Amino acid sequence: MSIIHRTTLKPTKLELLTTWLPSRPWYTGTGAPELTRAGGFRLDDPEGEVGIEFLVAVDSSGPEPVTYLVPLTYRAAPLPGAEHALVGTMEHGVLGPRWAYDGVHDPVLRSTLLALFEGRVQAQAQSLSDTPDHEVTHSFTGSGLTVPEGPVEVTEDRDGTGFALPDGTVLRLHRRPRPTAPEGAIGQVTGAWDAPDGTRARGVLASLRTG
């Protein structure tokens, strides 16, 4: 299980995202976001080397608040070939320099997320060590998922981010979480976060569809 350290990060994750989010095609704002952390969860890297976090943040810069999903991976050294996916670098008070990546481009996050769809791993609390997050639910009605080997073509548009598995199944990350899974989905991961009005919101964070 990953250990959550109570320490400093310079810059903070939200400071990195304030600069990075406006460069994404699925960002709906017109300027710099005003971000608040609203929730999320973690997954454990089986090798214990890569931090994996699905962060939910709310942008209050526009007329209406917008909720974004940002899956991130944290590494102690640069990920070869992923310069385009670098969100930024941080100095961790315990672990030292950390390279933060848009996690959909990181093979460790991709394989671990597929394991979550199938129920082979347990989502972990975002800010507590060794604590399952039971608000994260998953479903999958297929016969088995194959982890892509080698480079993966990731596509981004106004609605989110996705990539295809070897059998043609498409995994979609809903950067603005959906109330329900898209039509024809054969799998989904849902989570919860704090809504701007103080209630607890739920939505679909990722889904699977046949090609």
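Residues numbered from 1 in each chain as written. Predicted model: local features only at pLDDT ≥ 70, side-chain atom pairs only at ≥ 80, totals over all residues. Heavy atoms only, no water.

(A) Region of interest: helix α1 (residues 13–20). Listed as buried for α1 are K13, L16, L17 and W20. Buried residues in α1, looked at end-on, bunch into an arc of 95 degrees, giving them a common side. (Buried < 20%, exposed > 50% of the residue type's maximum accessible area, 1.4 Å probe, protein only. Helix = DSSP H or I, 4+ residues; strand = E, 2+ residues; numbered from the N terminus. Arc of directions from axis to C-beta.)

(B) Region of interest: the pairing of strand β10 (residues 160–164). Extensive coverage of β10 is indicated by the burial of 4 of its 5 residues. Pairing analysis gives 3 bridges linking strand β9 (residues 155–157) to β10, with the strands arranged antiparallel. If you follow D157 over to β10, its bridge partner there is G160. Here β9 folds back onto β10 in antiparallel fashion, the turn holding 2 residues. One ladder, built from 4 bridges, connects β10 with strand β11 (residues 170–178); its direction is antiparallel. Within β11, the residue paired with G162 across the bridge is R172. (Pairing = 2+ DSSP bridges.)

(C) The pattern of salt bridges, seen in detail. Summed over all chains, the structure comprises 11 salt bridges. Of the charged contacts in the structure, one is a salt bridge between E53 and K13, with a shortest N-O distance of 2.7 Å. Separated by 40 residues along the polypeptide, E53 in strand β3 (residues 51–59) and K13 in helix α1 bring together distant segments of the chain. The buried category is assigned to E53, whose relative accessible area is 0%. A salt bridge links R24 to E156; its shortest N-O distance comes to 2.9 Å. Separated by 132 residues along the polypeptide, R24 in the loop between α1 and β2 (35–44) and E156 in strand β9 bring together distant segments of the chain. On the basis of relative accessibility, which here comes to 18%, the residue R24 falls in the buried class. (Salt bridge = Lys/Arg side-chain N within 4 Å of Asp/Glu carboxyl O.)

(D) Expanded view of the nonpolar core. With 33 residues, the main nonpolar core has F41 and F54 as its most contacted residues. Among the elements that make up this core, the one with the highest residue count is helix α2 (residues 107–117) (6 residues). Once residues lying within four places of it in the same chain are set aside, the contact partners of F54 are G39, G40, F41, L43, L69, V70, P71, L109, L113, Q126 and L173. Judged by nonpolar contacts, the second largest core, of 17 residues, contains L17, L35, Y68 and V70. (Core = buried A, V, L, I, M, F, W, Y, C linked by side-chain atoms within 4.5 Å. Contact = heavy atoms within 4.5 Å.)

(E) Representation of the packing of aromatic side chains within the structure. Counted by the stated rule, this structure contains 4 aromatic pairs. Consider the rings of W26 and Y68, whose centres lie 6.0 Å apart with planes at 45 degrees: the pair is tilted. Here Y68 lies in strand β4 (residues 66–75) and W26 lies in the loop between α1 and β2, a separation of 42 residues in the sequence. Exposure class is identical for W26 and Y68. Each is buried. Arranged with centres 5.7 Å apart and planes meeting at 35 degrees, the rings of Y27 and Y68 form a pair that is tilted. Of the two residues, Y27 sits in the loop between α1 and β2 while Y68 sits in strand β4, which places them 41 residues apart along the sequence. Since its relative accessible area comes to 4%, Y27 is described here as buried. When its relative accessible area of 0% is taken as the criterion, Y68 is described as buried. Following the ring pairs from residue to residue traces out a cluster consisting of W20, W26, Y27 and Y68. (Phe/Tyr/Trp six-rings, centres within 6.5 Å; stacked < 30°, edge-to-face > 60°.)

(F) The arrangement of the side chain of E53 in detail. A distance of 3.5 Å separates a polar atom in the side chain of E53 from a polar atom in the side chain of R37. A polar side-chain atom of E53 sits 2.8 Å from a polar atom in the side chain of Q126. Excluding anything up to four places from it in sequence, E53 contacts K13, R37, F41, R42, V70, P71, L72, Y74 and Q126. (Polar contact = N/O pair within 3.5 Å; in protein donor to acceptor, adjacent residues only side chain to side chain.)

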